[in-house]
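Inside the fold
Residue strings, one per chain:
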Amino acid sequence: MKYILMMNCPKTGYDSFGSWPKEAIRAHLAFMHGINKALKESAGFVSAEGLASPHEAKRVRAGKDGAPITDGVFPETKEYLAGYWIVDVESAERAYAIAARASAAPGPGGVPLNMPIEVRQVMSGPPEEFL
Amino acid sequence: MTAGAADSGFEHLVRELTPQVLGAVVRRFHDFASAEDAVQEALLAAALQWPREGIPENPRAWLIQVASRRMTDRVRSEAARRQRENAALHCGVLSPAPALRPETERDDTLILLFMCCHPALTPSSAIALTLRAVGGLTTAEIAHAFLVPEATMAQRISRAKQSIQASGVRFSLPSSRERVERLGAVLHVLYLIFNEGYTTSAGAELQRCELSREAIRLARALHGLLPDDPEVAGLLALMLLTDARRPARTGAEGELTSLAEQDRSLWDRREIDEGVALITAALAKGSVGPYQLQAAIGAVHDEAARAADTDWAQILALYDLLKRMSANPMVMLNHAVAAAMVHGPRAGIELLEAVDADGRLRGNHRLAAVRAHLLEMAGDGDAAMAQYQAAAAQASNIPERNYLLTRAARIRDSR
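Residues numbered from 1 in each chain as written. Chains lettered and ligands numbered in written order. Predicted model: local features only at pLDDT ≥ 70, side-chain atom pairs only at ≥ 80, totals over all residues.

**Thoughts on the overall build of chain A**
Here is the rule: Under the scheme used here, helices are H or I runs from DSSP no shorter than 4 residues and strands are E runs no shorter than 2 residues, and both carry numbers assigned from the N terminus. We compute the radius of gyration from the C-alpha atoms alone; for a globule the expected value is 2.2 Å times N to the 0.38, where N is the number of residues. Any residue whose C-beta has 12 or fewer other C-beta atoms within 10 Å is treated as exposed, any with 20 or more as buried, and any in between as partly exposed, C-beta atoms being built from the backbone. We call two residues in contact when the distance between their C-beta atoms, placed using the backbone, is within 7 Å.
What chain A contains, in helices and strands, is three helices and six strands. By the compact-globule yardstick of 14 Å for 131 residues, chain A is too spread out, its C-alpha radius of gyration being 18 Å. C-alpha extents for chain A along the principal axes are approximately 50 × 40 × 20 Å. Within chain A, buried positions represent 15% of all 131 residues. For chain A, restricting intrachain contacts to residue pairs at least 6 apart in sequence, the fraction spanning at least 24 positions comes to 74%.

See the structure below:
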């Protein structure tokens with residue numbers, strides 16, 4: 001079963017990350033690097049991406065003529081998707097365990113951040129008999 | 001591309017032969033798009049059969065034979081479907097592959113490079129097609145290198161072939177009038193392949209070195225075909241002199257190390273020596289171009305035993321020339337860095353105003369990153385930190401973003 005693990009961060013998260021001491025940034029990045037490496041070596045890895053800073057984020061809608069109408073940046077938005085992992089594992093519990101590991105990434109002073117990671121199942125295609 | 005040592009010899013041979021085989025098949029059937037598919041099928045057949053049964057005595061003829069058979073099968077089934085008889089297409093027995101003179105083989109590889117890097121194609125299409133038709137990579141390998149699904153890459157390649165077909169370009173060398181411009185397009189595509197491998201435009205891995213290696217292989221082949229062209233030699237030298245620094249460029253956790261802080265003992269001496277020899281010989285020919293100048297700059301960096309020994313005055317002189325030759329904002333940016341190293345950071349910062357005014361690098365993280373470095377050199381920590389953070393917010397490459405954040409943190413920590 002596939003699950004997406006979404007790491008959200010508060011609007012200030014991107015900026016405050018940049019104001020940590022150098023050693024804290026290094027430790028945090030090394031931790032994430034380790035998680036990704038271990039995941040890629042395990043059988044359950046599907047994909048993982050980190051998203052660029054939301055400073056340039058736009059919300060897009062089609063106008064009457066179908067042309068894009070862009071809108072943003074949004075001062076009211078409290079949280080942004082910072083990145084995600086997609087894993088293919090035997091059970092939801094396994095996905096939760098991976099999410100918990102990532103959640104405990106260290107912050108300043110080595111204290112675990114325990115950031116919230118949203119876990120959702122990824123729907124599969126229709127079973128063969130329906131095709 | 002990911003072959004183990006055991007079959008790397010086989011792999012190497014197949015990839016060398018790809019453009020020659022494709023050239024021969026296109027000459028016989030006059031249909032580039034189908035011939036390209038047929039050659040891919042022949043390569044796959046070879047990948048299955050040769051390791052098991054041994055490499056045939058004349059591997060080139062074997063591949064041409066198999067690809068040609070695919071072509072006739074295709075033509076036949078097409079004809080059958082249309083219920084239209086054309087005796088000429090129903091050649092029951094395949095005529096043996098014509099014995100080509102070596103010059104023809106050489107020309108074929110060149111013609112293919114010119115075709116795949118046709119100006120009618122977008123850079124991403126030209127890159128994909130070049131890697132497949134000239135480089136002999138499979139669609140899956142190219143898709144993997146660019147981190148896109150295989151179906152996406154297959155589409156990109158097939159559209160590229162349609163564009164080439166539609167452009168009506170003939171399978172022949174460009175006229176001497178067109179040649180300079182078309183060779184420029186080829187060099188640009190090879191340069192982009194190298195760069196894509198050296199600094200990926202997005203994603204977590206800073207270097208996908210197999211693409212760089214492939215670009216070097218293709219540039220080496222092109223240099224073999226046109227040994228007297230100084231810009232071809234310049235591009236190959238530039239790639240080697242840049243690639244030589246690859247082992248020192250990233251740390252244990254994938255983090256980026258700046259040129260000034262790299263452990264130079266890790267640099268690849270063999271690549272440096274080859275690059276320096278190439279660029280020295282090319283410059284002596286007296287027809288200087290942008291790739292030669294960039295290679296010369298790379299050579300000056302590579303020849304400094306320590307960062308402090310870098311001959312910045314010479315680098316600045318080379319950037320002066322380069323800037324006069326191409327009004328590229330990245331060149332202006334690097335020129336500003338060199339000026340700062342020779343005349344002090346304020347001189348560099350002043351030159352950045354022209355880059356701002358140019359506008360093409362607006363929103364590009366490199367402009368803010370260079371400004372940050374120069375402000376840091378000038379001792380203006382607050383402004384430098386702000387610029388590092390602005391650059392980090394604009395970066396689309398994770399290791400580069402992390403590097404910029406770390407530089408900002410380092411200034412903060414030192415207070």
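Alright, that's what it looks like, and here's the rest.
**Looking at the environment of Ala 47 of chain B**
Residue and element names in this part refer to chain B. Checked against the element boundaries, Ala 47 lands in helix α2 (residues 32-53). Residue classification places Ala 47 among the partly exposed positions, given that 15 C-beta atoms sit within 10 Å. Taking the C-alpha atoms as reference, Ala 47 lies 44 Å from Gln 394; in sequence the two are 347 residues apart.

**Here we look at helix α12 (residues 269-284) of chain B**
Residue and element names in this part refer to chain B. The cut-off we apply is this: The length a helix should cover is 1.5 Å for every residue beyond the first. As used here, the arc is the angular range of directions from the helix axis to the C-beta atoms.
Compared with an ideal rise of 1.5 Å per residue, which puts 16 residues at 22 Å, α12 spans 22 Å between its outermost C-alpha atoms and is within 8% of the ideal. Regarding α12, the residues found buried are Glu 271, Ile 272, Gly 275, Val 276, Leu 278, Ile 279 and Ala 282. Along the axis of α12, the buried residues cluster in a sector spanning 170°; they form a single face. The outward face of α12, more than 90 degrees from its buried face, is lined by the exposed residues Arg 269, Arg 270 and Ala 284. Immediately beyond the C-terminal end of α12, within one or two residues, lies Gly 286, with a positive phi of roughly 80°.

**Overview of the sheet that holds strand β6 (residues 117-121) of chain A**
Residues and elements named next belong to chain A. To keep it simple, the criterion reads: Strand pairing follows a simple DSSP-based rule, namely that at least 2 bridges must link the two strands. Interaxial angles span 0 to 180 degrees and are taken between N-to-C directions of axes, which are lines fitted to C-alpha atoms, for helices over the stretch in contact.
Pairing is antiparallel in the open sheet, where four strands are placed in the order β2-β5-β1-β6. Edge positions in the open sheet fall to β2 (45-50) and β6, since each of these has one partner strand only. The average angle at which neighbouring strand axes cross in this sheet is 20°, direction not considered. Pairing between strand β1 (residues 2-10) and strand β5 (residues 79-88): nine bridges, direction antiparallel. In the sheet register, Leu 5 faces β5, and the bridge partner there is Trp 85.

**Some remarks on the interface of chain A and chain B**
Size of an interface: often given as the accessible area lost when the parts come together. Put simply, the rule reads: When residue character is reported, Ala, Val, Leu, Ile, Met, Phe, Trp, Tyr, Cys and Pro are called nonpolar, Asp, Glu, Lys and Arg charged, and the others, Gly included, polar.
If you look at the interface, chain A gives 14 residues, while chain B gives 16 residues. Sorting elements by how many residues they give to the side of chain A that touches chain B places helix α2 (residues 22-41) of chain A first, with seven residues. When the residues that make up the side of chain A that touches chain B are grouped by side-chain class, the tally is six nonpolar, six polar and two charged.

**Section: the pairing of β5 of chain A**
Pairing analysis gives five bridges linking β2 of chain A to β5 of chain A, with the strands arranged antiparallel. Residue pairing across strands places Ser 47 of chain A opposite Ile 86 of chain A, the latter belonging to β5 of chain A.

**Examining the domain arrangement of chain B**
This is how the line gets drawn: All the domain ranges listed were derived from an automatic or database domain assignment.
Each domain of chain B was delimited in the assignment, giving domain 1 (1-88) and domain 2 (327-415). The straight-line distance from the C-alpha centre of domain 1 of chain B to that of domain 2 of chain B is 51 Å.

**Describing the packing of helix α15 (residues 329-343) of chain B against helix α16 (residues 345-358) of chain B**
A pair of packed helices is characterised by two quantities: the angle between their axes and the separation of those axes. All names here are of chain B. Worth spelling out the cut-off: Here roughly perpendicular refers to angles of 65 to 115 degrees, roughly parallel to angles under 35, roughly antiparallel to angles over 145, and oblique to all remaining angles. The crossing is said to be left-handed when, going from far helix to near helix, the turn is anticlockwise and less than a right angle, and right-handed when the turn is clockwise.
The geometry of α15 relative to α16 is characterised by a closest axis approach of 7 Å and an angle of 165° between their N-to-C directions. With respect to α16, the element α15 is oriented roughly antiparallel. In this structure, α15 crosses over α16, and the sense of that crossing is right-handed. Contact residues: α15 offers Pro 329, Met 332, Leu 333, His 335, Ala 336, Val 337, Ala 339, Ala 340 and His 343, while α16 offers Pro 345, Ala 347, Gly 348, Leu 351, Leu 352, Ala 354, Val 355 and Asp 358. In terms of residue class, the contact of α15 with α16 is built from 13 nonpolar, three polar and one charged.

**Topic: the packing of helix α5 (residues 123-134) of chain B against helix α8 (residues 176-198) of chain B**
Residues and elements named next belong to chain B. Here α5 crosses α8 at 85°, and the two axes come no closer than 10 Å. By the angle class used here, α5 and α8 are roughly perpendicular. Taking contact as the criterion, the partners of Pro 123, Ala 126, Ile 127, Thr 130 and Leu 131 in α5 are, on α8, Val 189, Leu 192 and Ile 193. Here the residues of the contact of α5 with α8 are counted per class, giving seven nonpolar, one polar and no charged.

**A short note on the environment of Ala 61 of chain B**
Residues and elements named next belong to chain B. Looking at where Ala 61 falls in the secondary structure, it is placed in helix α3 (residues 59-82). C-beta crowding within 10 Å serves as the criterion here: with 15 such atoms nearby, Ala 61 is assigned to the partly exposed category. Sequence-wise, Ala 61 and Val 21 are 40 residues apart; in three dimensions their C-alpha atoms are separated by 8.0 Å.

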